[in-house]
Amino acid sequence: MSVLSTVKEILGASTQNPNRGSNPKQESKGAYWCHDCSERVLDLDVEGEDPPDCPSCGDEMTFERSAGSTGCAC
């Protein structure tokens, strides 16, 4: 690994760009949250259109995302 690629990785990790991670072309619109358990599931990890159930308690999770912000809904 060269010094330039290391610097590029560091700068890429510190950016506010929401398109980070292993597949930068895939853009998240938010995340599903369980307020009781503080569980978070990224929307890209959910199949289908319906909100998922919380993996801890089984309650339906709610989708949260600020329309004007960048980055994930963490």
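Here the structure is a predicted model, which means the values were calculated and not measured.

Visitor: Sorry if this is basic, but what is going on with a nonpolar patch on the surface here?
Guide: A contiguous nonpolar patch, built from Val-3, Val-7 and Leu-11 and spanning about 290 Å² of accessible area, is present on the exposed surface. By the element assignment, Val-7 lies in helix H1 (residues 3-13).

Visitor: Hey, could you run me through the side chain of Asp-43 in this one?
Guide: Its place among the elements puts Asp-43 in the loop between strand S2 (39-42) and strand S3 (62-64). In this structure, Asp-43 is buried with no salt-bridge partner, the nearest side chain bearing the opposite charge being Lys-29 at 6.3 Å. A polar atom in the side chain of Asp-43 sits 2.9 Å from the backbone nitrogen of Lys-29. Excluding residues that lie within four positions of it along the chain, Asp-43 makes contacts with Ser-28, Lys-29, Gly-30, Ala-31, Tyr-32 and Phe-63.

Visitor: What should I look at first to understand the nonpolar core in this one?
Guide: Taken as a class, soluble globular proteins show a tendency for nonpolar side chains to be buried jointly. Among the nonpolar cores identified, the biggest contains six residues, and these are Tyr-32, Cys-34, Val-41, Val-46, Cys-54 and Met-61. Contacts of Val-41, omitting those with residues within four sequence positions, involve Ala-31, Tyr-32, Val-46 and Met-61.

Visitor: Would you mind showing me how to read a negative patch on the surface here?
Guide: On the surface, a cluster of negative charge is contributed by Asp-36, Glu-49, Asp-50, Asp-53, Asp-59 and Glu-60. Residue position: Asp-59 is located in the loop between S2 and S3. The class for Asp-59 is partly exposed, based on a relative accessible area of 38%.

Visitor: Got a minute to help me understand the sheet that holds S2 in this structure?
Guide: On the basis of which strands lie adjacent, the open sheet formed by three strands has the order S2-S1-S3 and antiparallel pairing. In this open sheet, the two strands that pair with only one neighbour each are S2 and S3. Adjacent strand axes in the sheet meet at a mean angle of 35 degrees, parallel and antiparallel pairs treated alike.

So, how was this worked out
- Residues numbered from 1 in each chain as written.
- Predicted model: local features only at pLDDT ≥ 70, side-chain atom pairs only at ≥ 80, totals over all residues.
- Heavy atoms only, no water.
- Patch = residues over 30% accessible without salt bridge, like charges linked within 9 Å, V, L, I, M, F, W, Y side chains within 5 Å.
- Areas by Shrake-Rupley, 256 points an atom, 1.4 Å probe, with all protein chains shown as cover.
- Salt bridge = Lys/Arg side-chain N within 4 Å of Asp/Glu carboxyl O.
- Helix = DSSP H or I, 4+ residues; strand = E, 2+ residues; numbered from the N terminus.
- Buried < 20%, exposed > 50% of the residue type's maximum accessible area, 1.4 Å probe, protein only.
- Lys, Arg positive; Asp, Glu negative; His and termini not counted.
- Polar contact = N/O pair within 3.5 Å; in protein donor to acceptor, adjacent residues only side chain to side chain.
- Contact = heavy atoms within 4.5 Å.
- Core = buried A, V, L, I, M, F, W, Y, C linked by side-chain atoms within 4.5 Å.
- Charge placed at Lys NZ, Arg CZ, Asp CG, Glu CD.
- Pairing = 2+ DSSP bridges.
- Axes fitted to C-alpha atoms, helices over the stretch in contact; angles between N-to-C directions.

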